[in-house]
Amino acid sequence: MYVLRARRKPGESPPPEDRCAQVAQSFLPQHSGQNRPAPSPGPQQLLHSSSSPVRSPSSFIVQERRVPIIYRGKKMFFWVLALLILCGFLWNYKRQLKIADITDKYVFITGCDTGFGNLAARTFDKKGFHVIAACLTESESTALKAETSERLHTVLLDVTDPENVKRTAQWVKNQVGEKGLWGLINNAGVLGVLAPTDWLTVEDYREPIEVNLFGLINVTLNLLPLVKKARGRIINVSSIGGRLAFSGGGYTPSKYAVEGFNDSLRRDMKAFGVHVSCIEPGLFKTGLSDPIKATEKKRAIWKHLSPDIKQQYGEGYIEKSLDKLKGTNSFVNVDLSLVVECMDHALTSLFPKTHYAAGRDAKTFWIPLSHMPAVLQDFLLLKQKTELANPKAV
């Protein structure tokens with residue numbers, strides 16, 4: 001950039017920038033001839049040169065302000081961390097708060113012949129609840145009554161029989177009186193047939209859907225006025241089969257539908273002060289999941305399959321699938337109290353959860369996998385499937 005300057009008149013003092021240059025020049029050593037160094041840069045060039053160590057006053061101001069900004073950032077981080085720890089502590093403390101006076105509260109449980117329902121009836125009876133245990137058979141009802149206190153009452157109930165459900169609801173109403181029903185635990189369920197979809201008929205789907213879904217809905221609708229009166233709790237026992245379809249058959253469709261009914265019921269009942277929770281157990285060793293009974297059902301269906309389907313799957317398909325199942329025995333939970341503990345928290349906590357995952361496999365594998373992309377779900381679940389003998393023989 002070139003700057004045009006006017007010539008000075010004789011006797012006129014030089015402009016300020018020329019005087020600065022003269023002063024700077026006076027501090028340099030004097031040279032003569034060719035050894036004279038290049039003229040030094042002016043003050044403005046010294047201030048703006050990138051290689052010069054001289055810095056403008058504003059640069060010092062920026063450096064002075066950096067230290068407090070970093071300090072404030074670290075201080076803010078520790079405040080946020082402390083706030084998160086406090087929130088976690090309060091959240092955990094909130095979950096531990098319990099209701100009072102459980103000895104005057106009534107709880108109705110379906111499916112108390114064996115498994116989760118039987119253990120839940122005995123557990124809540126010991127805690128002091130007035131338990132009404134619904135059983136399917138007279139023998140199991142008598143055995144349960146013999147093992148519990150006088151507070152526990154049993155009733156025979158087939159959840160698929162609408163008239164039986166109505167009579168039972170009226171009997172429960174007479175028992176609880178004006179107090180209402182504090183807890184309704186819908187636990188009754190059947191597994192049905194677990195087999196490839198093209199082996200099955202619509203009748204194979206009907207039984208688990210009738211019991212697991214329509215039976216649950218019918219019991220809930222008939223007892224709902226009593227639960228609303230007590231501003232109590234409804235607990236629906238679903239399954240990890242309501243999050244992932246691990247096998248063909250009517251079990252997983254029924255549990256998927258239970259999840260949907262549970263969610264809509266929870267939102268509808270919120271205005272009435274009724275809490276609705278859903279329990280999703282993993283694989284548990286119960287009478288429901290007896291591998292011998294499941295294999296017998298598969299063999300019975302195999303006998304009636306068409307020759308084409310038998311050729312596609314191969315004669316040794318059932319035996320190979322059983323060998324595959326043996327590798328999953330380590331994932332099966334044997335402690336049924338894990339599910340009953342979820343029921344207990346949903347019944348007695350001041351702030352019950354909306355969903356409970358019960359079992360190590362449910363928490364570490366099934367529930368996390370249900371949130372994964374479908375391509376990953378298919379890859380992991382298909383690895384457990386038995387390879388077909390001739391799938392192209394269609």
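Structure: see above.
Note that the structure is a prediction, hence the values are computed from the model and not measured. (Residues numbered from 1 in each chain as written. Predicted model: local features only at pLDDT ≥ 70, side-chain atom pairs only at ≥ 80, totals over all residues. Heavy atoms only, no water.)

Enquirer: Would you mind going over the overall build of the protein chain with me for this structure?
Expert: Helix and strand content of the protein chain: 14 helices and 7 strands. Looking at the protein chain alone, contacts between residues at least 24 apart form 69% of all its contacts between residues at least 6 apart. About 24300 Å² of surface is accessible on the protein chain, with carbon and sulfur atoms providing 60% of the total. (Helix = DSSP H or I, 4+ residues; strand = E, 2+ residues; numbered from the N terminus. Contact = heavy atoms within 4.5 Å. Areas by Shrake-Rupley, 256 points an atom, 1.4 Å probe, with all protein chains shown as cover.)

Enquirer: What should I look at first to understand the packing of helix α7 (residues 202-230) against helix α8 (residues 251-269) in this one?
Expert: The relative placement of two packed helices is expressed as an angle between their axes plus a distance between the axes. Contact pair α7 / α8: the axes reach a minimum separation of 8 Å and the direction vectors enclose 15 degrees. As judged from the angle between their axes, α7 and α8 are roughly parallel. With respect to the hand of their crossing, α7 and α8 are arranged in right-handed fashion. Where α7 approaches α8, its residues Tyr205, Pro208, Ile209, Asn212, Leu213, Leu216, Ile217, Thr220, Leu224 and Lys228 are matched on the opposing element by Tyr251, Pro253, Ser254, Lys255, Ala257, Val258, Phe261, Leu265 and Met269. The class makeup of the residues in the contact of α7 with α8 is 14 nonpolar, 3 polar and 2 charged. (Axes fitted to C-alpha atoms, helices over the stretch in contact; angles between N-to-C directions. Parallel < 35°, antiparallel > 145°, perpendicular 65-115°, else oblique. Left-handed = near helix turned anticlockwise from the far one by under 90°. Nonpolar A, V, L, I, M, F, W, Y, C, P; charged D, E, K, R; others polar.)

Enquirer: Teacher, can you tell me more about the nonpolar core here?
Expert: If you look at soluble globular proteins, the nonpolar side chains tend to sit buried side by side. Core analysis: the biggest nonpolar cluster contains 31 residues, and Ile109, Ala121, Phe124, Val131, Ile185, Ile279 and Met343 have the highest contact counts within it. Here this core takes 6 residues from helix α12 (residues 337-348), the largest share from any one element. Core analysis: the next-biggest nonpolar cluster, separate from the first, contains 28 residues, Tyr106, Leu181, Leu184 and Val274 among them. (Core = buried A, V, L, I, M, F, W, Y, C linked by side-chain atoms within 4.5 Å. Buried < 20%, exposed > 50% of the residue type's maximum accessible area, 1.4 Å probe, protein only.)

Enquirer: Teacher, can you tell me more about helix α11 (residues 317-326) here?
Expert: Turning to α11, its buried residues number three or more, namely Tyr317, Ile318 and Ser321. Looking straight down α11, one finds that the buried residues subtend no more than 95 degrees of arc, so they occupy a single side. Residues of α11 that are buried sit in contact with α9 (291-303) and α10 (307-313). (Arc of directions from axis to C-beta.)

Enquirer: Could you clarify how one ought to interpret the pattern of salt bridges in this entry?
Expert: Once their charged atoms are close, side chains differing in charge can pair, the charge on each being opposite to the other. Applying the stated criterion across every chain, the model contains 9 salt bridges. Here aspartate 104 ties to lysine 105 by a salt bridge, and the two come within 3.8 Å at their closest N and O atoms. Relative accessible area serves as the criterion here: at 16%, lysine 105 is assigned to the buried category. Lysine 229 is the salt-bridge partner of glutamate 178, the closest N and O atoms lying 3.7 Å from each other. With glutamate 178 in the loop between α6 (162-176) and β4 (183-186) and lysine 229 in helix α7, this pair connects stretches of sequence that are 51 residues apart. A relative accessible area of 42% means that lysine 229 is categorised as partly exposed. (Salt bridge = Lys/Arg side-chain N within 4 Å of Asp/Glu carboxyl O.)

Enquirer: Looking at this model, I keep getting lost on α12. Mind explaining?
Expert: Residues three or four positions apart in an α-helix share a direction because the helix packs 3.6 residues into each turn. Along its 12 residues, α12 runs 16 Å from first to last C-alpha, staying within 8% of the 16 Å computed at 1.5 Å per residue. Of all 12 residues that make up α12, 9 are buried, and the element is covered over most of its length. Taken together, the buried positions of α12 are Val339, Val340, Cys342, Met343, Asp344, His345, Ala346, Leu347 and Thr348. (Expected span 1.5 Å × (residues − 1).)

Enquirer: Would you take a moment to explain the sheet that holds strand β5 (residues 233-237) for this structure?
Expert: In a beta sheet, neighbouring strands pair by backbone hydrogen bonds and run either parallel or antiparallel. Pairing is parallel in the open sheet, where 7 strands are placed in the order β3-β2-β1-β4-β5-β6-β7. Every other strand in the sheet has two partners, leaving β3 (153-156) and β7 (355-358) as the edge strands with one partner each. On average, adjacent strands in this sheet sit at an angle of 15 degrees to one another, irrespective of strand direction. Sheet topology note: the β5/strand β6 (residues 275-281) ladder contains 5 bridges and is parallel. (Pairing = 2+ DSSP bridges.)

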